[in-house]
Amino acid sequence: MAAALVWIPFLADLLAGLGRAEPQQTTLRPAVGRLFVHTLDPEHVAVPPARPVTYHAHLQGHPDLPRWLRYTQRSPRHPGFLYGSPSPGDRGRQVIEVVAYNRDSFDTTQQRLVLLIGDPEGPLLPYQAEFLVRSHDVEEVLPSTPASRFLIALGGLWEPAELQLLNITSALDRGGRVPLPIEGRKEGVYIKVGSASPFSTCLKMVASPDSQARCAQGQPPLLSCYDTLAPHFRVDWCNVSLVDKSVPEPADEAPTPGDGILERDPFFCPPTEATARDFLADALVTLLVPLLVALLLTLLLAYVMCCRREGRLKRDLATLDIQMVHHCTIRGNTEELRQMAASREVPRPLSTLPMFNVRTGERLPPRVDSAQVPLILDQR
């Protein structure tokens, strides 16, 4: 009975977890070629706002997000963002599963985002410009307020035009470096804007070859109008790119299939028949020449080492008499000492006797035969 009472709370928690296992589902409609931003707030996933929360998003049935969609979050105290711009090949239905982790209680909450990707509404935007904003990070321009402020400020340089955001990319995803942890340093963000109106004269001058040449020399580019983006947005005008898609590009010509036989070329006439060759002479030259060279070197070395020796007689004649006497004396003394050490019958030096006093020279009569005492006594 007691064991059953213990299992009751666990069963209740399990049933409660099964009751809320169905994730919350949200339907969104991204447009092809337009910026899509979805904010992941704790309140959207049933988590208290003051709790630190991190998210993990992936395509249903896959370990990662689709290639056009990115996720970013500055810290667990900040909201997360799913953003990107779908391509024409991404049309259709995609399901994104989001798991929120409460870092205080370690609870998890699931959310399902159903993305119905379709064609954009409104006119086409053939005129597209991309700007590098160095004063912001990517999560600082993803909310609607900073993005609208950028479009309004850019309208002063691109008139008259109805601007729309096409894509936002972090500078780190484009090969940028992580800035130093100094106040005011930002990662940078690329903002791509499109419009149905042609580029203004000011933007054309910024992207002109003269401006690019000045940028290559470390000078500011040519800007014939007032920078309405400053001071809220610090744009790198040397990294402005303009794309005009109003003129369709000529379609590539389809290759014409041929018969598989190359045309006759007067400069290349391959031989039709290969004449027979005898490689015996080449093989003999390849093998015998190195062997003959090695044999000659061996004979030369043998002659130098064996046939060019001076001999002992010439060596003795070239040596001084005093040096020869000295050498013979040392050699004779050495032989004599070896004979004395082998025979042990001659009197031993006093310094080797066991009872000899080095200071006084006194010597006690040995109790044993001194000739039978070894030079080095056994140490016991």
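Bear in mind that the values here come from a model prediction, so they are computed numbers and not experimental data. (Residues numbered from 1 in each chain as written. Predicted model: local features only at pLDDT ≥ 70, side-chain atom pairs only at ≥ 80, totals over all residues. Heavy atoms only, no water.)

With that out of the way, let us pick up the side chain of Asp227. Locating Asp227 in the fold gives a position in the loop between α5 (209-216) and β11 (241-244). No salt bridge is formed by the buried Asp227, whose closest oppositely charged neighbour, Arg234, lies at an N-O distance of 9.7 Å. In this structure the side chain of Asp227 is engaged in a polar contact, spanning 3.2 Å, whose partner is the backbone nitrogen of Leu229. Here Trp237 takes part through its side chain, which lies 3.4 Å from a polar atom of the side chain of Asp227. Filtering out sequence-adjacent residues up to four positions away, Asp227 remains in contact with Leu157 and Trp237. (Helix = DSSP H or I, 4+ residues; strand = E, 2+ residues; numbered from the N terminus. Buried < 20%, exposed > 50% of the residue type's maximum accessible area, 1.4 Å probe, protein only. Lys, Arg positive; Asp, Glu negative; His and termini not counted. Salt bridge = Lys/Arg side-chain N within 4 Å of Asp/Glu carboxyl O. Polar contact = N/O pair within 3.5 Å; in protein donor to acceptor, adjacent residues only side chain to side chain. Contact = heavy atoms within 4.5 Å.)

This next bit is on the layout of surface pockets. Approximately 500 Å³ is the volume attributed to the largest pocket. Considering the residues around the largest pocket, the lining is formed by 22 residues, among which Gly33, Gln128, Leu166, Lys192 and Lys245 are closest to the centre. Listing elements by their share of the lining of the largest pocket, those giving two or more residues are β8 (127-133), β9 (164-170) and β11. Partitioned by chemical class, the residues of the lining of the largest pocket number nine nonpolar, six polar and seven charged. (1 Å grid on protein atoms, 1.4 Å probe; cavity = no way out; pocket = protein on both sides within 12 Å on 5 of 7 lines; lining within 4 Å. Points joined across faces, edges and corners; volume = space filled by probe spheres on them. Nonpolar A, V, L, I, M, F, W, Y, C, P; charged D, E, K, R; others polar.)

The positions that UniProt labels "transmembrane region" (unreviewed entry) are, in the present scheme, residues 279-305. A helix fraction of 96% and a strand fraction of 0% characterise residues 279-305, whose end C-alpha atoms lie 40 Å from each other. (UniProt positions renumbered as here; feature names shortened; annotations may be inferred.)

Across all of its chains, the model carries two disulfides by this definition. At a sulfur-sulfur separation of 1.9 Å, the disulfide partner of Cys202 is Cys225. Here the disulfide of Cys202 and Cys225 is left-handed, its torsion about the S-S bond being about -65°. Of this pair, Cys202 sits in helix α4 (residues 201-206) while Cys225 sits in the loop between α5 and β11, placing them 23 residues apart in sequence. Residue classification places Cys225 among the partly exposed residues on the basis of a relative accessible area of 26%. Counting only the cysteines that form disulfides, in the order they appear in the protein, gives the pairing 1-3, 2-4. (Disulfide = S-S within 2.5 Å.)

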